[in-house]
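# Coordinate inspection notes
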Amino acid sequence: MKRIDHIVLRVKDLDVMKNFYETVMGMDVIHEHEESVTFDNPKLTLVKGADVVNKEAYNGLYHHAYLLPSLKDLGTFLIHLKNFEVTWIGGSDHGFSKAIYFRDPEHNAIEVYVDMDPSVWPMADNNKIRFVTQRLDMKAIRDLSDAQFTKLPKETIWGHVHLEVDDIEKGRPFYIDTLGFEVKIETGPSLFMSKDGYHHHIAMNNWHHAKGLLPNNYTGIISYTLLLPELPAQTLTDPFGIIVKINED
């Protein structure tokens, strides 16, 4: 079930960022104004308003993650990326997923991944998942491709949002007690939470010792929308200064 519906990022150079998400990511513009651009498939809005590109560790986005339908689609996307000078972070086989990581022109990290069948997920005790990170064989995935990339597949959704935060413990009451997420992975200074038994819809970490609230003139995440039909529609702010919209846009 899709749980994340819409992500909003504050940007410095709207034209450059629009070109990246339209050309490199293969997303369709559905609304455009002087101060913002909204894409579909999945829904992403870029809002002009920053004058500093954030390359520091503040509360905010660690990465936003596109979930593709198949490994063939990931292979096609990998071949497509070879035509662009993206800033690579790497590729990982997590057991429950196979993922690649890179950055957009304003340093926001992006994950593009494919889920493995739940029957092969590396499970731990108490219905939790073991966190595994192995090198991804990108050539083998590229070799699966049987098509040329034009757009992201129409079935692409936001798979998860991974946050960088100053104190993981501040997030537990909000995400677990208030929103009802279940802990699926917990590894030192990181916490992965989900609904429906998924490996994670929301993650947070303090790997780089985030220093607190993101200044409002810096690039980064403004808000995201969660589809939680078990809860009433509402707009909240999480303990890290990020607006979280529940069942509303």
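Use the structure listed above.
Small disclaimer: the values here were computed from a predicted structure and weren't measured.

### A few points about the nonpolar core
Among the nonpolar cores identified, the biggest contains 69 residues, and Tyr21 and Tyr175 are the most heavily contacted of them. At five residues, helix 1 (residues 14-24) tops the list of elements feeding residues into this core. Among residues more than four places away in sequence, those in contact with Tyr175 are Leu163, Gly180, Phe181, Met193, Ile202, Met204, Tyr224, Asp238, Phe240 and Val244.

### Focus on the layout of surface pockets
By volume, the largest pocket is sized at about 590 Å³. Partitioning the lining of the largest pocket into residue classes produces 13 nonpolar, 18 polar and six charged.

### Remarks on the environment of Phe192
Among the secondary structure elements, Phe192 is positioned in strand 12 (residues 190-194). Under the relative-accessibility criterion, Phe192 is labelled buried at 2%. Separated by 30 residues in the primary sequence, Phe192 and His162 place their C-alpha atoms 8.5 Å from one another. Aside from chain neighbours lying at most four places away, what touches Phe192 is Phe131, His162, Glu182, Val183, Lys184, Ile185, His199, His200, Ile202 and Ala203.

### Quick word on the pairing of strand 4 (residues 43-48)
Side-chain positions along a regular strand alternate between the two faces of the sheet. Of the strand pairs in this sheet, strand 1 (residues 4-11) and strand 4 are connected by six bridges, and their pairing is parallel. Within strand 4, the position partnered with Arg10 by the bridge is Val47. Pairing between strand 3 (residues 36-40) and strand 4: four bridges, direction antiparallel. Within the sheet, the bridge partner assigned to Ser36 lies in strand 4 and is Val47. The turn linking strand 3 back onto strand 4 is made up of two residues, and Asn41 within it adopts a positive phi angle of 70°.

### Quick word on the packing of aromatic side chains
The tally for this structure, following the rule as stated, stands at twelve aromatic pairs. With a centroid separation of 4.8 Å and an interplanar angle of 80°, the aromatic rings of Phe174 and Tyr175 are classed as edge-to-face. On the accessibility criterion, Tyr175 (0% relative accessible area) is buried. Taken together, a centroid distance of 6.5 Å and an interplanar angle of 65° make the contact between Tyr175 and Phe181 edge-to-face. Aromatic ring contacts, followed pair by pair, group Phe77, Trp88, Phe102 and Phe149 into a single cluster. Its guanidinium or amino end placed over the ring of Phe181, Lys195 lies 5.3 Å from that ring's centre, counting from NZ or CZ. For Lys211, the ring lying beneath its charged end belongs to Tyr58, and the centroid distance is 5.2 Å.

### Things to note about the side chain of Lys195
As for its placement among the helices and strands, Lys195 is situated in the loop between strand 12 and strand 13 (202-205). What makes Lys195 buried here is its relative accessible area of 9%. Among the polar contacts made by the side chain of Lys195, one reaches the main-chain carbonyl oxygen of Leu179 at a distance of 2.7 Å. A distance of 2.8 Å separates a polar atom in the side chain of Lys195 from a polar atom in the side chain of Glu230.

### Notes on the pattern of salt bridges
For the structure shown, the criterion picks out 15 salt bridges. Residues Asp166 and Lys170 are paired through a salt bridge, measuring 3.1 Å at the closest nitrogen-oxygen approach. Assessed through its relative accessible area of 23%, Asp166 is described here as partly exposed. By relative accessible area, Lys170 is classed as partly exposed at 35%. Ionic contacts of the salt-bridge type, sharing partners, join the residues Arg3, Lys195, Asp196 and Glu230 into one network.

### Re the pairing of strand 5 (residues 60-67)
Across the eight residues of strand 5, seven count as buried, placing the element largely inside the fold. As defined by bridge partners, strand 5 adjoins strand 10 (residues 157-164) across seven bridges and the pair is classed as antiparallel. By the bridge assignment for strand 10, Leu61 is matched with Leu163. Sheet analysis places strand 5 next to strand 8 (residues 109-115), joined by four bridges and oriented parallel. Along strand 8, the bridge assignment pairs Ala65 with Glu111.

What counts, and at which threshold
- Residues numbered from 1 in each chain as written.
- Predicted model: local features only at pLDDT ≥ 70, side-chain atom pairs only at ≥ 80, totals over all residues.
- Heavy atoms only, no water.
- Core = buried A, V, L, I, M, F, W, Y, C linked by side-chain atoms within 4.5 Å.
- Buried < 20%, exposed > 50% of the residue type's maximum accessible area, 1.4 Å probe, protein only.
- Helix = DSSP H or I, 4+ residues; strand = E, 2+ residues; numbered from the N terminus.
- Contact = heavy atoms within 4.5 Å.
- 1 Å grid on protein atoms, 1.4 Å probe; cavity = no way out; pocket = protein on both sides within 12 Å on 5 of 7 lines; lining within 4 Å.
- Points joined across faces, edges and corners; volume = space filled by probe spheres on them.
- Nonpolar A, V, L, I, M, F, W, Y, C, P; charged D, E, K, R; others polar.
- Pairing = 2+ DSSP bridges.
- Phe/Tyr/Trp six-rings, centres within 6.5 Å; stacked < 30°, edge-to-face > 60°.
- Lys NZ or Arg CZ within 6 Å of the ring centre and 35° of its normal.
- Polar contact = N/O pair within 3.5 Å; in protein donor to acceptor, adjacent residues only side chain to side chain.
- Salt bridge = Lys/Arg side-chain N within 4 Å of Asp/Glu carboxyl O.

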